[in-house]
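# Per-entry structural report
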Amino acid sequence: MYLAFLPIWWAALEPLTALAAACADLIYHFLDSSVSIAADGRIARITLDAGAMAGKHLQESGLRMETVAYGMPLLAALVVATRPARLLGKIQALAAGLALMTLLTVLAVVGWARLAGLETHDQMVFATTGTKGHTSAFMYYCFHGYAFSQPVLAVITWMGTAMCGFFDVRPLKDANVRTQEVRTQEPKSRCWCGSGRQFRRCCGKTTRK
Amino acid sequence: MASALSGRIRAVNRGAVRYIVLFGLIFVVAYFLVGVAPGVRTGILKPYTGLLARAVTFIVNLFGSGAVATGTLVQSSRFSMDVAMGCDGVEACCFFLAGVLAFPTAWRAKAIGLALGIPLIQVINLGRLVGLFYAGTYLPSLEEELHVYVAQTVVILFSTAVLVYWLERFAVKHRPA
């Protein structure tokens with residue numbers, strides 16, 4: 001199932017890159033207006049105006065989108081492979097899971113832009129003082145860890161959707177309450193569902209042999 | 001949509017939500033301490049990747065590959081690979097550790113899970129590295145894709161299977177009433 005989803009994901013990467021780059025650019029503009037983020041195929045390109053210290057030139061950095069989004073096909077495969085009580089639950093789980101992972105992808109692009117900024121800053125510090133900065137190296141390892149954790153993220157998201165009851169007809173707690181009501185309903189009284197009919201001729205039908 | 005989602009979350013078992021949240025938090029903390037913070041990463045994991053490279057070399061040489069391990073490099077006449085950071089199975093181990101520690105069960109069951117599960121995941125990871133060596137040797141054009149998108153995912157899926165087995169076989173049995 002995972003292998004079947006890989007080509008679909010690969011085809012969807014370009015629009016995903018465009019969306020993530022546009023959203024990240026909008027978000028990052030509030031933090032630092034000298035940074036611009038644009039999509040170039042499946043790569044999010046970050047352009048930094050390094051400023052006066054670097055001689056007024058632009059620096060570029062690229063993020064291959066597949067490295068921060070390859071958990072998506074696994075999530076899709078896990079959701080599709082899960083047997084739900086109804087099809088709508090599966091669609092809802094897939095939509096919620098993919099929306100969450102898209103949001104995280106946008107944040108990853110913002111993080112990469114920040115990393116590119118820190119690397120430029122470290123280079124400037126090294127050029128002026130001769131001291132090697134460690135801020136960007138630390139953030140690089142954090143980012144590396146995030147990228148490598150994509151399958152873990154997909155599995156946790158899938159477990160989250162399952163435990164939030166997306167695959168059930170209704171959440172487990174509600175189902176227990178409803179079962180209790182069915183058991184205590186008198187057969188000839190009006191049905192709890194509001195149909196106006198007797199319980200034994202309405203919802204009670206399904207509980208009788 | 002948002003209210004429906006929050007209603008759905010409120011309606012489900014709080015224990016399940018607590019498990020998922022704890023799972024995520026323990027994973028992030030464990031991965032940060034082991035895989036990101038410099039102490040363990042450079043002090044333990046770097047020498048460990050060298051050990052993994054030697055183990056891969058030993059296994060592939062059993063089948064006559066004629067490979068040599070130099071530090072973290074595994075080299076043969078047809079292919080060479082570097083067992084770098086991220087090839088050590090730390091993500092999968094942190095994932096399993098988080099899944100075991102977050103589940104409300106007896107400490108004995110958790111200890112059994114960790115003692116059996118983490119070495120098993122490391123064996124699976126070693127299998128992945130051996131598989132990647134052969135992929136690089138016989139399918140060099142696909143090696144990068146197999147490395148990044150398939151092998152890593154397969155290890156996590158196997159780790160999930162180990163976790164689910166532990167949950168069913170040990171954790172639920174020793175769960176407090």
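Scroll up for the structure.
These remarks concern the structure in this document. As the structure is a computational prediction, the values presented were derived from the model and not from experiment. (Residues numbered from 1 in each chain as written. Chains lettered and ligands numbered in written order. Predicted model: local features only at pLDDT ≥ 70, side-chain atom pairs only at ≥ 80, totals over all residues.)

What follows covers the overall build of chain A. Counting its secondary structure elements, chain A contains seven helices and three strands. Along chain A, from the amino end to the carboxyl end, the secondary structure elements read α-β-β-β-α-α-α-α-α-α. Counting over 209 residues, chain A shows a buried share of 33%. The long-range fraction of contacts in chain A, counting pairs at least 24 apart against all pairs at least 6 apart in sequence, stands at 56%. (Helix = DSSP H or I, 4+ residues; strand = E, 2+ residues; numbered from the N terminus. Buried ≥ 20, exposed ≤ 12 C-beta atoms within 10 Å, placed from the backbone. Contact = placed C-beta atoms within 7 Å.)

The next thing to look at is the overall build of chain B. Helix and strand counts for chain B stand at six helices and three strands. Overall, chain B is about 60 × 40 × 30 Å in size when its C-alpha atoms are taken along their principal axes. Residue burial in chain B is summarised as follows: out of 177 residues, 33% are buried. Intrachain contacts of chain B at a sequence separation of at least 6 include 66% that bridge at least 24 residues.

What follows concerns the pairing of strand β1 (residues 35-40) of chain A. Residues and elements named next belong to chain A. Going residue by residue along β1, you find V35, I37 and A39 tucked away on one face and S36, A38 and D40 left uncovered on the opposite face. Sheet analysis places β1 next to strand β2 (residues 43-49), joined by six bridges and oriented antiparallel. Bridge pairing links S36 to T47 in β2. Taking the residues between adjacent antiparallel strands as the criterion, β1 and β2 are bridged by two residues, where G41 takes a positive phi near 70°. (Pairing = 2+ DSSP bridges.)

Let us look at the environment of V74 of chain B. Residue and element names in this part refer to chain B. Mapped onto the elements of the fold, V74 is located in strand β2 (residues 73-75). In this structure V74 comes out as buried when scored by C-beta crowding, with 27 C-beta atoms within 10 Å. Residues V74 and P119 lie 45 residues apart in sequence; the distance between their C-alpha atoms is 22 Å. Those residues within four positions of V74 in sequence are excluded, and the remaining contacts are A53, V56, T57, A67, A69, S80, M81, V83 and F133.

One finds A24, A44, V109 and A113 of chain A to be the most contacted residues of the largest nonpolar core, which totals 90 residues. In this structure, A44 of chain A is in contact with T17, A20, A21, A24, I37, A39, G62, L63, M65 and V109 of chain A, ignoring residues within four places of it in sequence. (Core = buried A, V, L, I, M, F, W, Y, C linked by C-beta atoms within 7 Å.)

Moving on, we come to the sheet that holds β2 of chain B. Residue and element names in this part refer to chain B. The strand order across the open sheet built from three strands is β1-β2-β3, with neighbouring strands paired in antiparallel fashion. Because the sheet does not close on itself, it has two edges, and the strands there are β1 (68-70) and β3 (80-82). Taking each pair of neighbouring strands and ignoring which way they run, the sheet shows an average axis angle of 15°. Pairing between β2 and β3: three bridges, direction antiparallel. The residue of β3 that forms the bridge with Q75 is S80. (Axes fitted to C-alpha atoms, helices over the stretch in contact; angles between N-to-C directions.)

Residues and elements named next belong to chain B. It is at 10 Å that the axes of helix α3 (residues 38-62) and helix α5 (residues 107-138) come closest, and there the two elements cross at 60°. Classified by the angle their axes make, α3 and α5 are oblique. For the pair α3 and α5, the sense of crossing is right-handed. Counting all contacts with α3, which are made through L52, A55, V56, I59 and V60, the residues of α5 involved are L126, L129, V130 and F133. Split into classes, the residues belonging to the contact of α3 with α5 amount to nine nonpolar, no polar and no charged. (Parallel < 35°, antiparallel > 145°, perpendicular 65-115°, else oblique. Left-handed = near helix turned anticlockwise from the far one by under 90°. Nonpolar A, V, L, I, M, F, W, Y, C, P; charged D, E, K, R; others polar.)

Let us look at the interface of chain A and chain B. In this complex, chain A contributes 23 residues to the contact, which on the side of chain B involves 23 residues. Looking at which element gives the most residues to the side of chain A that touches chain B, the answer is helix α5 (residues 150-163) of chain A, with seven residues. Of the residues that constitute the side of chain A that touches chain B, the class distribution is 16 nonpolar, five polar and two charged.

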